[in-house]
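Residue strings, one per chain:
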Amino acid sequence: QVQLVESGGGLVQAGGSLRLSCAASGSIFSLAFIAWYRQAPGTQREWVADITRSGNTNYAGSVEGRFTISRDNAKNTAYLQMNSLKPEDTAVYYCYCRQFGNSYWGQGTQVTVSS
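Residues numbered from 1 in each chain as written. Predicted model: local features only at pLDDT ≥ 70, side-chain atom pairs only at ≥ 80, totals over all residues. Heavy atoms only, no water.

Q: In this structure, what is going on with the packing of aromatic side chains? I would like to understand it.
A: The geometry of an aromatic ring pair comes down to the distance between the two centres and the angle between the two planes. Applying the stated criterion across every chain, the model contains 5 aromatic pairs. Residues Tyr37 and Tyr96 carry aromatic rings whose centres are separated by 5.8 Å and whose planes lie at 70 degrees to one another, so their mutual orientation is edge-to-face. Within this pair, whereas Tyr37 is found in strand β4 (residues 33–39), its partner Tyr96 is found in strand β9 (residues 91–99), the two being separated by 59 residues in sequence. Look at Tyr37 and you get partly exposed, because its relative accessible area is 21%. Here Tyr96 falls in the buried class, since its relative accessible area comes to 9%. Pairing Tyr94 with Trp105 gives two aromatic rings, centres 6.5 Å apart and planes at 85 degrees, and the pair type is edge-to-face. (Phe/Tyr/Trp six-rings, centres within 6.5 Å; stacked < 30°, edge-to-face > 60°. Helix = DSSP H or I, 4+ residues; strand = E, 2+ residues; numbered from the N terminus. Buried < 20%, exposed > 50% of the residue type's maximum accessible area, 1.4 Å probe, protein only.)

Q: So what exactly am I meant to see when it comes to unusual backbone geometry here?
A: The bulk of non-glycine residues show a negative phi, and the bulk of peptide bonds are trans. A positive phi angle, near 50 degrees, is found at Ser84, a position not held by glycine. Residue Ser84 is classed as partly exposed on the basis of its relative accessible area of 42%. In this structure, Phe100 takes a positive phi of about 50 degrees despite not being glycine. Residue class for Phe100 comes out exposed when judged on its relative accessible area of 59%.

Q: Honestly, the pattern of salt bridges in this entry has me stumped. Any pointers?
A: Two side chains carrying opposite charge are able to pair once their charged atoms lie near each other. Within this structure, the stated rule accounts for 3 salt bridges. Between Glu46 and Arg38 there is a salt bridge; the shortest N-O distance is 2.6 Å. By sharing partners, the salt bridges in this structure join Arg38, Glu46, Arg66 and Asp89 into a single network. (Salt bridge = Lys/Arg side-chain N within 4 Å of Asp/Glu carboxyl O.)

Q: Got a minute to help me understand the environment of Ala23 in this structure?
A: In this fold, Ala23 is placed in strand β3 (residues 18–25). Here the alpha-carbon distance between Ala23 and Asp72, two residues 49 residues apart in the chain, equals 9.9 Å. Among all residues touching Ala23, those that are not within four sequence positions of it are Gln3, Leu4, Val5, Asn76 and Thr77. (Contact = heavy atoms within 4.5 Å.)

Have a look at this one:
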């Protein structure tokens, strides 16, 4: 059973930065596909970014150039560095892991960007 625990969310002013972490246990982390999603109140969960086990990354257009996804396999941890934050980035951010055909989600961490 894979467990994902996100941390690093909080309240920040527009233009500020946050770094989210996703700590994984119970998995062969280096073989996992990792992604970040977010969900604002009243909206559907949306994909933000992902990183393959080989380190290839992809980003949603709304965050490209501002967010950076990365992973440290030695620490079983993935990160989402968020810069130049905007009020519309306010959401609960979820870590997602897919490994051996199974999908796992973290509990989410709240990010609030004030204008």
